[in-house]
Amino acid sequence: LVSPNIGLTSINDYADTVAANSSGEVLIGGDFTTVNGVTLNRLFKVASDGTLDSAFNTNLGTGPNNVVRAVAFQSDGKAIVVGSFTAFNTVILGTRIIRLNTDGTEDTTFTTNVNGGANSDIRSIFVLPDDSILLGGSFTTWDSNARDRFVKLNSDGTEDTTFTANLFSLDNQVNTVIADSTGSIYLGGTF
């Protein structure tokens, strides 16, 4: 990671994901716990001018307790963060997904709608034009229902039960999910 305005000289572990929003702000996630010697647990935001967004980073508090695998922005600027974590700011989520408001605070309405979430890692996220969310990973259940490594959520975090992803089964993890302008969905991984 290099930015002349950040003055980034050290990060103590890897960055796994980077996403930019329409305002040019960048969210960076991974397995690091310090950036330039400052505690920034696995997630931080860079403002559009390349400087660290200290307000956002402060509002994250202690952040996630394990690896951030993927991040994406919805059209309103809120960020969806997924990975291996089961707690955020020491609050047990167990869902491995969280939505953050534009100021870095947790959007608790989203977390409530997610319910039980994934029983294992979420490794990929793709936000569709209607702000619904495609997720891939190593999970085999979503909210205690069988969902073999792929699920679609509505924009508010509830599962899209009309989606037919549960009609097929994948035998191993999904590492990437994307969709094109025609609505076709592509999955990649070790299945």
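Residues take numbers from 1 onward in each chain, read along the sequence in its written order. Given that the model is predicted, a residue must reach a pLDDT of at least 70 before its local features are reported, and side-chain atom pairs must reach 80 or more before they are shown or counted; all residues, however, enter totals for whole chains, interfaces and linings. The side-chain numbers reported here are obtained from all heavy atoms of the structure, hydrogens and water having been left aside.

**Student:** Any chance you could break down the nonpolar core for me, citing the residues and the numbers?
**Tutor:** Buried residues of nine kinds, namely Ala, Val, Leu, Ile, Met, Phe, Trp, Tyr and Cys, make up a nonpolar core once their side-chain atoms join them within 4.5 Å. To sort residues, take the accessible area from a 1.4 Å probe on protein chains only and compare it with the maximum for the residue type: under 20% means buried, over 50% means exposed, and anything in between is partly exposed. Val82, Ile97, Ile122, Ile125, Leu135, Trp142 and Leu153 are the most contacted members of the largest nonpolar core, which has 17 residues in total. The helix and strand labels rest on DSSP assignments: H or I over at least four residues marks a helix, E over at least two residues marks a strand, and numbering proceeds from the N terminus. Counting only elements with at least two residues in this core, the list comes to β6 (68-73), β7 (79-83), α2 (108-114), β11 (122-127), β12 (133-137) and β15 (150-153). The element that contributes the greatest number of residues to this core is β11, accounting for three residues. Every residue pair with non-hydrogen atoms within 4.5 Å of one another is taken to be in contact. When residues no more than four places from it in sequence are discounted, the contact partners of Trp142 are Ile97, Val114, Gly117, Ala118, Ile122, Leu135, Arg147, Val151, Leu153 and Glu159.

**Student:** Quick one: what's the story with the pattern of salt bridges, residue by residue and with numbers?
**Tutor:** What makes a salt bridge here is a side-chain nitrogen of Lys or Arg within 4 Å of a carboxyl oxygen of Asp or Glu, nothing more. Tallied over the full model, the rule gives eleven salt bridges. The closest approach of N and O atoms between Asp16 and Arg69, which form a salt bridge, is 3.8 Å. Note that Asp16 is positioned in strand β1 (residues 15-20) and Arg69 in strand β6, a separation of 53 residues in sequence. Exposure remark for Asp16: the relative accessible area of 37% places this residue in the partly exposed category. Between Arg42 and Asp31 there is a salt bridge, with its nearest N and O atoms 3.4 Å apart. Residue Arg42 is found in the loop between β4 (38-39) and β5 (43-46), and its partner Asp31 is found in the loop between β2 (26-30) and β3 (34-35); the two are separated by eleven residues along the sequence. When salt bridges with common partners are traced through the structure, they connect Asp16, Arg69, Asp121 and Arg123 into a single cluster.

**Student:** Hey, could you go over the sheet that holds β15 for me, with residue numbers and the actual values?
**Tutor:** The criterion for strand pairing is that DSSP finds at least two bridges linking the strands in question. Read from one edge to the other, the open sheet built from three strands follows the order β11-β12-β15, with strand pairing classed as antiparallel. A single partner strand is all that each edge strand has here, and the edge strands are β11 and β15. Neighbour to neighbour, the strand axes of the sheet diverge by 20 degrees on average, direction disregarded. When β11 meets β12, the two strands line up antiparallel, connected through five bridges. Pairing of Phe126 across the sheet is with Leu134, part of β12. Between N-to-C directions, angles cover 0 to 180 degrees, with each direction set by a line fitted to C-alpha atoms, over the stretch in contact for helices.

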